[in-house]
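# Close look at the chain arrangement
Given next are the chains, with one letter for each unit.
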Amino acid sequence: MMRGLFAAGALLLAGCATVPHARRTDVLFWNQPQREANFRAMQAQYASNSVRHGTAHPLPAGVPLTPAFDDGTTLDAYMAEHHVAGVMVLQDGKVRLERYGLGADPNTRWTSFSVAKSFTSTLVGAALRDGAIHSLDDKVTRYIPELGAGAYRDVTVRQLLTMTSGVRWNEDYADPRSDVAQMYEGHRIAGQPLLVTYMAPLPREYAPGATWVYKTGETDLIGILVTRATGKSLAAYLSEKIWRPYGMANDALWLKDDVDGTEAGGSGVSATLGDYARLGQFLLDGGVAAGHAVLAEGWLADATKKHADIGVPGRGYGYQWWTWDNGAFAGIGIFGQLLYVDPARRLVIVQLAAWPVATDDAQAKARAAFVQAITTAADHPHPPVGARPRAMRPLQ
């Protein structure tokens, strides 16, 4: 078999904590003990770059918050049933809830899966401010010319961000033959990232901009685009723009191809619970770090509003953010990861987990009930007996 993205026996590269030995596909099919062990130590399985931190942005204690589950479920029971490694709630920049499970603690770096998509999107906003990316209406081929011969030749940066390229894709996490399982496998072309080699010949299914289809591979393309536009790795650019100046307390990790060094823009960030919460607070603070605006003017409002219809009333998709019509937005990752930001309540909710499945309706409904329990408690510190929280549609 051709060597995959993170094949056994790969050479140790700079920034990699150890010699990687797992294929990227393997993460979808680990058993429960493997998930709970490896999600906290992805650098032991895959090559990675470090995201250097700065002087810690303080997270002072706030008034403790107890989630108000509609059915009387306790937080401990929720965390145990759904294999939750950590939850944190900030309101007005203060910690109202912090709890750990699965042996995790404040120094545990946990993988975020597709929450990383929202990191990559935020770096696009920084690159626009820096002038490294000229316009969201640029053709993708301006930055990745290798895509010019296929269906991506007419796709814009904006259409990648909203996942409306129209290129055919299968994101079935349970199918080892799906695109999401195969995109890091296959033949390598010298000087070309393996991901680009896989994506370039994909056929068109819809007209560009017409239809939303969720595609992790396209966020990986955005990551490559940011790297080429800025001349810096995603890890280095994230450190320069946010991780150091805003004051994350610990180094993060960003997984990369062990051969060509390409970081996975669509997944692969590992950070501590507190630093995920700080990223949410950075956004609530208007994208300002060390007194300087990091993102292009108007970027946050644009990135976190609905640009694409996902077929769920009251919901949508922005620039790599899931959106709600009430103004809330979230980065969501398989196996239970969540970074939820509610500007109206000045609220950040983070969950790290190791669900027994990548995603399903029952787990999504339980996570939505957890978010609702937090917002209900934040709105009504002492709800009347018998009061019931408002219904909330499940997170994806």
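The written sequence of each chain sets the order in which its residues are numbered from 1. Where local features are concerned, this predicted model is filtered to residues with pLDDT of at least 70; where side-chain atom pairs are given and counted, the filter is 80 or more; whole-chain, interface and lining totals use all residues. Derived side-chain values reflect all non-hydrogen atoms in the structure, with water molecules and hydrogen atoms excluded from consideration.

### Some details on helix H3 (residues 115-130)
Taking 1.5 Å of rise per residue, the 16 residues of H3 would be expected to cover 22 Å, and the 24 Å separating its terminal C-alpha atoms lies within 8% of that figure. Think of it this way: any DSSP run of H or I at least four residues long counts as a helix, any run of E at least two long counts as a strand, and we number them from the N terminus. Of the residues flanking the end of H3, it is Gly131, one or two places downstream, whose phi is positive at about 85 degrees. Residue count minus one, scaled by 1.5 Å, sets the expected span of a helix.

### A few points about the sheet that holds strand S1 (residues 48-51)
Spatial ordering of the open sheet is given by S1-S5-S6-S4, a layout of 4 strands whose pairing is antiparallel. With partners counted over all chains shown, the strands left at the sheet margins are S1 and strand S4 (110-111), one partner each. The pairing of strand S5 (residues 252-255) with strand S6 (residues 269-271) spans 2 bridges and is classified as antiparallel. What sits directly across from Trp254, in S6, is Val269. Pairing between strands is defined by DSSP: at least two bridges between them are needed.

### Some remarks on the packing of aromatic side chains
Centres within 6.5 Å are what make two rings of Phe, Tyr or Trp a pair, Trp counting through its six-membered ring; a difference in plane orientation under 30 degrees is then read as stacked, over 60 as edge-to-face, and the rest as tilted. On inspection of all chains with the given rule, the structure shows 22 aromatic pairs. Their ring planes at 50 degrees and their centres at 5.7 Å tell us that Trp212 and Tyr317 sit as a pair that is tilted. With Trp212 in the loop between helix H6 (194-199) and helix H7 (216-230) and Tyr317 in strand S9 (residues 315-317), this residue pair connects regions lying 105 residues apart in the sequence. Comparing Trp212 with Tyr317 shows no difference in burial state: the two are buried. With 5.0 Å between their ring centres and 80 degrees between their planes, Tyr317 and Trp322 make a pair best called edge-to-face. Trp322 shares its class with Tyr317; the two are buried. Through pairs of rings, three or more aromatic residues link up here, namely Trp30, Phe39, Tyr46, Trp110, Phe113 and Phe335. Criterion for a charge above a ring: Arg CZ or Lys NZ at most 6 Å from the ring centre, at most 35 degrees from the ring normal. A cation sits over an aromatic face here: Arg315 above Trp324, 4.2 Å from the ring centre. For every residue, the accessible area (1.4 Å probe, protein chains only) is compared with the maximum for its type, and the residue is labelled buried under 20%, exposed over 50%, or partly exposed between those bounds.

### Side note on the sheet that holds S9
Either a parallel or an antiparallel arrangement is found when strands of a sheet pair, and the pairing is made through backbone hydrogen bonds. With antiparallel pairing, 7 strands are arranged side by side in an open sheet as S3-S2-S13-S12-S11-S10-S9. The open sheet has two free edges, formed respectively by strand S3 (94-100) and S9, since each of these has just one partner strand. Neighbour to neighbour, the strand axes of the sheet diverge by 15 degrees on average, direction disregarded. Note that strand S12 (residues 337-342) and strand S13 (residues 347-353) share 5 bridges and pair antiparallel. When the sheet's bridge partners are listed, Asp342 is paired in S13 with Leu347. Here, residues are in contact when the closest pair of their heavy atoms is within 4.5 Å. Axes here mean lines fitted to C-alpha atoms, for a helix over just the part in contact, with angles spanning 0 to 180 degrees between N-to-C directions. In the packing of H3 onto the sheet, contacts are made with S9, strand S11 (329-333) and S12, and the angle to S11 comes to roughly 130 degrees. Seen against the sheet, helix H11 (residues 361-379) touches strand S2 (84-91), S3, S11, S12 and S13 and runs at an angle of roughly 150 degrees to S13.

### Concerning the environment of Val51
Its location among the elements puts Val51 in strand S1. Under the relative-accessibility criterion, Val51 is labelled buried at 1%. Between the alpha carbons of Val51 and Ala236 there is a distance of 6.2 Å; along the sequence they are 185 residues apart. Residues contacting Val51, with those up to four places away along its chain left out, are Ala235, Leu238, Ser239, Trp243, Asp251, Ala252 and Leu253.

### What about the packing of H3 against helix H8 (residues 234-247)?
The geometry of H3 relative to H8 is characterised by a closest axis approach of 10 Å and an angle of 70 degrees between their N-to-C directions. Judged by the angle between their axes, H3 and H8 are roughly perpendicular. Across from Phe119, Thr122, Leu123, Ala126, Ala127 and Asp130 in H3, the residues of H8 making contact are Leu234, Tyr237, Leu238, Lys241, Ile242 and Trp243. In the contact of H3 with H8, the residues fall into 9 nonpolar, 1 polar and 2 charged. Angles are sorted into four bins: roughly parallel if under 35 degrees, roughly antiparallel if over 145, roughly perpendicular if 65 to 115, and oblique for all others. Only Asp, Glu, Lys and Arg are considered charged, only Ala, Val, Leu, Ile, Met, Phe, Trp, Tyr, Cys and Pro nonpolar, and every remaining residue, Gly among them, polar.

### Notes on the pairing of S2
The buried count for S2 comes to 8 of 8 residues, which makes it a mostly enclosed element. As paired strands, S2 and S13 are joined by 7 bridges and run antiparallel to one another. Bridging across to S13, Val84 finds its partner in Ala353. Counting the residues that bridge the hairpin from S2 to S3 gives 2 residues, and of these Asp92 lies at a positive phi of roughly 55 degrees.

### Things to note about the pattern of salt bridges
One speaks of a salt bridge when a side-chain nitrogen belonging to Lys or Arg is within 4 Å of a carboxyl oxygen belonging to Asp or Glu. This model, assessed by the stated rule, comprises 18 salt bridges. Counted as one network, the salt bridges with shared partners bring together Asp130, Lys232, Glu240 and Lys241.

### Regarding the side chain of Gln192
Its place among the elements puts Gln192 in the loop between helix H5 (179-182) and H6. Note on Gln192: relative accessible area 16%, which makes it buried. Of the polar contacts made by the side chain of Gln192, one reaches the side chain of Thr197; its length is 2.9 Å. Look past the residues within four positions of Gln192 in its chain and what remains in contact with it is Glu146, Thr197 and Asp260. Polar contacts here mean pairs of N or O atoms no more than 3.5 Å apart (in protein, one a potential hydrogen donor and the other a potential acceptor; neighbouring residues in sequence count only if both atoms are side-chain atoms).

### A closer look at the side chain of Arg96
The residue Arg96 is located in strand S3 in this model. Of note is the side chain of Arg96, whose polar atom sits 2.7 Å from the side chain of Gln91.

### Points about the confidence of the model for the chain
In regions of low pLDDT, the predicted coordinates are not meant to be interpreted in detail. Scored between 0 and 100, pLDDT is the confidence that the predictor attaches to each residue. The predicted model of the chain averages 91 in pLDDT, with 91% of residues at 70 or higher. Confidence drops under a pLDDT of 50 for residues 1-19, and excluding neighbours within four residues, the segment shows 58 contacts in the predicted structure. Note on residues 383-396: pLDDT under 50 across the span, and 36 contacts to partners over four residues away in sequence or across chains.

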